[in-house]
Amino acid sequence: MTMDRVSGAFLTLLGLFVVWERRVLPLGTASHPGPGYFPLLLAILLIVLGAILIARGKGAKKIRSVCWPEAPHAVAILGCCLFISLFMETIGYRLTLLLTLGFLFGVVERIKVWLTLALTLGFSLGTFWLFDSLLRVPLPRGGWGF
């Protein structure tokens, strides 16, 4: 089994799952699309691209021959994604991003403390201001209103 074929199979299965889950959303029409229209188009694109990867993946590296030195970084990022999904509503957008970016910049990437603080504060507060204030996208504030 090659890496491309495994990736293609994953994309195809993900696309089929989205098609299955999208069935509860109304599709609408081409002139007045419903909330299920765009996910269906993206899922079809995933299925097509996954099938292309499976069909053309013969010459790719075998899955056993691939070593991945960045695995610790990937595990840290996945852990941060899990943390964000579990605690965003509880502690709010700004505090969740402060903690997550502080961990990623300071612990995982080992950036200088002053740069870690500047990037963490800038990204967490700046993106909140951009989305919540300017674009009027309501973001979670958490139990403390922060």
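The model shown is predicted, which means the values in this text are computed figures rather than measured ones.

Structural notes on the pattern of salt bridges
Across all of its chains, the model carries one salt bridge by this definition. Put simply, D132 and R141 hold a salt bridge, and the shortest N to O gap is 2.8 Å. Looking at D132, the relative accessible area reads 13%, which means it is buried.

A look at helix α4 (residues 93-108)
Over its 16 residues, α4 extends 21 Å from the first C-alpha to the last, a length consistent with the 22 Å expected when each residue adds 1.5 Å. Three or more residues of α4 are buried, namely Y93, R94, T96, L97, T100, L101, L104, F105 and V108. Buried residues along α4 cover an arc of 160° about the axis, so they all sit on one side. Taken together, the buried residues of α4 touch α3 (71-91) and α5 (113-134). R110 sits one or two positions beyond α4 and adopts a positive phi of about 55°.

A look at the packing of helix α1 (residues 3-21) against helix α2 (residues 37-56)
Viewed as axis vectors pointing N to C, α1 and α2 meet at an angle of 155°, and their least axial separation amounts to 7 Å. Judged on the interaxial angle alone, α2 and α1 are roughly antiparallel. In terms of crossing hand, the pair formed by α1 and α2 is left-handed. Contacts between α1 and α2 involve D4, R5, S7, G8, A9, L11, T12, L14, G15, L16, V18 and V19 from the former and P39, L40, A43, L46, I47, G50, A51, L53, I54 and A55 from the latter. For the contact of α1 with α2, the class distribution of residues is 15 nonpolar, five polar and two charged.

Parameters at a glance
- Residues numbered from 1 in each chain as written.
- Predicted model: local features only at pLDDT ≥ 70, side-chain atom pairs only at ≥ 80, totals over all residues.
- Heavy atoms only, no water.
- Salt bridge = Lys/Arg side-chain N within 4 Å of Asp/Glu carboxyl O.
- Buried < 20%, exposed > 50% of the residue type's maximum accessible area, 1.4 Å probe, protein only.
- Helix = DSSP H or I, 4+ residues; strand = E, 2+ residues; numbered from the N terminus.
- Expected span 1.5 Å × (residues − 1).
- Arc of directions from axis to C-beta.
- Contact = heavy atoms within 4.5 Å.
- Axes fitted to C-alpha atoms, helices over the stretch in contact; angles between N-to-C directions.
- Parallel < 35°, antiparallel > 145°, perpendicular 65-115°, else oblique.
- Left-handed = near helix turned anticlockwise from the far one by under 90°.
- Nonpolar A, V, L, I, M, F, W, Y, C, P; charged D, E, K, R; others polar.

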